[in-house]
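Structural overview for review
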Amino acid sequence: MIDKRCILIGVPVQEGTGRLGCDMGPSAFRAAGIVPALADLGFEVVDRGNVLPGASSVITHPNPVLKHLGAVAAWTEMLADTAYQVSGEGLPIFLGGDHSLSAGTMTGMSRRASREGRDLFVLWLDSHPDLHTLDSTTSGNLHGVPMAYATGQPGFAGFFPPLPHPVRPENVCMIGLRSVDPAEGMRLREGGFEVHDMRAIDENGIVSLIAGFLRRVTAANGMLHVSLDVDFLDPGIAPGVGTTVPGGATFREAHLAMEMLHDSGLVRSLDLVELNPFLDERGRTAILMVDLAASLMGRRVLDRPTRSF
Ligand SMILES: NC(=[NH2+])NCCC[C@H](N)C(=O)O
Ligand SMILES: [Mn+2]
Ligand SMILES: [Mn+2]
């Protein structure tokens, strides 16, 4: 049964970040026990191992700061295909790897949704909107662009793979924002995205934000993709990431969000991104991310003893 099968895809991409180490992410998720955590919940877990992109060509672009454009374009093309294929066989969980991988996974899932006559919705849990275009990024790090690409913002044609089914900005809900560059802020204000910064969590509580979005997904019979960036979490509980931003989601806010997602029954695919094991402390960020994935897939406090570490 497709909804009782999870398919793990290791995506050791790190060309989208400014620092090395995300290529070890997939190994850290496995060492932190993601396979037994999901198997304990009654899933058939298929670990496809790590995937690699096809050969990348050197692509030149007028923005001189862009890093590894050819490599990230090649990852995107391969991952869009992989996400589309694998989502026909089970629930894909992409073990990153940096957030540039979501350019591919959202594109592939959007194609899957359209094949089923549905719309893709995306819950984006991140301190950043990752809404730069190739022209607006000032860091040149392409983990800052996947949302702009997947929603069809201008400037990617000819550099990234063609995008047959862009995600509608109205179908994207971002929660946890607290680091937004000026060009991104402009697109957030004008683009139609549903956006909740940390203040919105503080003032309303995460429950009403998530519940409101899930109601919209349900009303539209949407297919839901969740993209969880480690830096959504407060650095005090999740130090293993290259782009820490103070004031993030708490342990309980994050678990509660995951528990609500599980209860909704709407989630069809998941990205776990930006884990950098080189910056982690004895695997605690990897373990937390695995526990969050388990909550999203149905683990309940009352069903099992709390893990102590
Ligand atoms: N996926 C991430 N951690 N993205 C961080 C992006 C930070 C910044 N906005 C940049 O473009 O460089
Ligand atoms: Mn991100
Ligand atoms: Mn981020």
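Residues numbered from 1 in each chain as written. Chains lettered and ligands numbered in written order. Predicted model: local features only at pLDDT ≥ 70, side-chain atom pairs only at ≥ 80, totals over all residues. Heavy atoms only, no water.

As annotated in an unreviewed UniProt entry, the chain is Arginase from Lichenifustis flavocetrariae. Within the UniProt record for the chain, the comment given under Pathway (unreviewed entry) is "Nitrogen metabolism; urea cycle; L-ornithine and urea from L-arginine: step 1/1." (UniProt positions renumbered as here; feature names shortened; annotations may be inferred.)

Okay, the packing of aromatic side chains next. Scanning all chains against the criterion turns up 4 aromatic pairs. Ring plane angle 65° and centroid distance 5.5 Å describe the contact between Tyr149 and Phe156, whose orientation is recorded as edge-to-face. What makes Tyr149 buried here is its relative accessible area of 2%. Taken together, the ring pairs in this structure connect Tyr149, Phe156 and Phe160 into an aromatic cluster. Taking NZ or CZ as reference, Lys4 lies 4.1 Å from the ring centre of Phe43, over its face. For Arg112, the ring lying beneath its charged end belongs to Tyr84, and the centroid distance is 4.3 Å. (Phe/Tyr/Trp six-rings, centres within 6.5 Å; stacked < 30°, edge-to-face > 60°. Buried < 20%, exposed > 50% of the residue type's maximum accessible area, 1.4 Å probe, protein only. Lys NZ or Arg CZ within 6 Å of the ring centre and 35° of its normal.)

Turning our eyes to something else, we now look at the coordination of the manganese ion (ligand 2). Within the protein, His99 (ND1), Asp126 (OD), Asp130 (OD) and Asp229 (OD) serve as the donor atoms for the manganese ion (ligand 2), at 2.1 to 2.2 Å. In the primary structure, the donors to the manganese ion (ligand 2) are separated according to the pattern H-x26-D-x3-D-x98-D. Separation of the manganese ion (ligand 2) from the manganese ion (ligand 3) amounts to 3.1 Å, with Asp126 serving as a shared donor to the pair. Taken together, the residues His99 in the loop between strand E3 (91-96) and helix H4 (101-115) and Asp126 in the loop between strand E4 (120-125) and helix H5 (146-150) connect sequence positions 27 residues apart. Per residue, the accessibility class of His99 equals that of Asp126, and both read buried. (Donors = N, O, S within 2.8 Å, 3.2 Å for Na, K, Ca; no water. Helix = DSSP H or I, 4+ residues; strand = E, 2+ residues; numbered from the N terminus.)

What follows concerns the nonpolar core. The biggest cluster of nonpolar side chains holds 55 residues, and the ones touching the most others in it are Leu123, Ile175, Leu224 and Leu272. By residue number, the principal contributor to this core is helix H10 (residues 284-296), which donates 9 residues. Not counting residues up to four positions away in its chain, the partners in contact with Leu272 are Phe29, Ile34, Ile93, Phe94, Leu95, Gly96, Leu228, Met289 and Ala293. Grouped together as the second largest cluster of nonpolar side chains are 42 residues, Ile9, Ala113, Leu120 and Leu134 included. (Core = buried A, V, L, I, M, F, W, Y, C linked by side-chain atoms within 4.5 Å. Contact = heavy atoms within 4.5 Å.)

H10 packs onto helix H9 (residues 251-264) with a crossing angle of 30° between their chain directions and a minimal axis gap of 7 Å. The angle between H9 and H10 falls in the class roughly parallel. Across the interface between the two elements, Phe251, Ala254, His255, Met258, Glu259, Leu261 and His262 from H9 touch Leu288, Asp291, Leu292, Ser295 and Leu296 from H10. (Axes fitted to C-alpha atoms, helices over the stretch in contact; angles between N-to-C directions. Parallel < 35°, antiparallel > 145°, perpendicular 65-115°, else oblique.)

Moving on, we get to the pairing of strand E1 (residues 5-11). Most of E1 sits inside the fold, with 6 of its 7 residues counted as buried. Direction of pairing for E1 relative to strand E2 (residues 44-50): parallel, over a ladder of 5 bridges. Within the sheet, the bridge partner assigned to Leu8 lies in E2 and is Asp47. Relative to E3, E1 is paired through 6 bridges, and the arrangement is parallel. The partner of Ile7 across the bridge, within E3, is Pro92. (Pairing = 2+ DSSP bridges.)

Take the UniProt feature "binding site: Mn(2+) 1" (unreviewed entry) in the chain next. The sites that carry the UniProt feature "binding site: Mn(2+) 1" (unreviewed entry) are, in the present numbering, His99, His128, Asp130, Asp229 and Asp231. Annotated residues spanning 133 residues; largest pairwise C-alpha distance 12.1 Å, indicating a single compact cluster. Setting aside its immediate chain neighbours within four residues, His99 contacts Trp124, Asp126, Asp130, His143, Pro146, Ser227, Asp229, Val273 and Glu274. Side chain to side chain, His99 and Asp126 meet in a polar contact 3.1 Å long. Along the polypeptide, Asp229 turns up in strand E7 (residues 223-229). Classification of Asp229 by relative accessible area gives buried; the value is 2%. Ignoring any residue separated from it by four or fewer positions in sequence, one finds Asp229 in contact with His99, Leu125, Asp126, Asp130, Val241, Val273 and Glu274. (Polar contact = N/O pair within 3.5 Å; in protein donor to acceptor, adjacent residues only side chain to side chain.)

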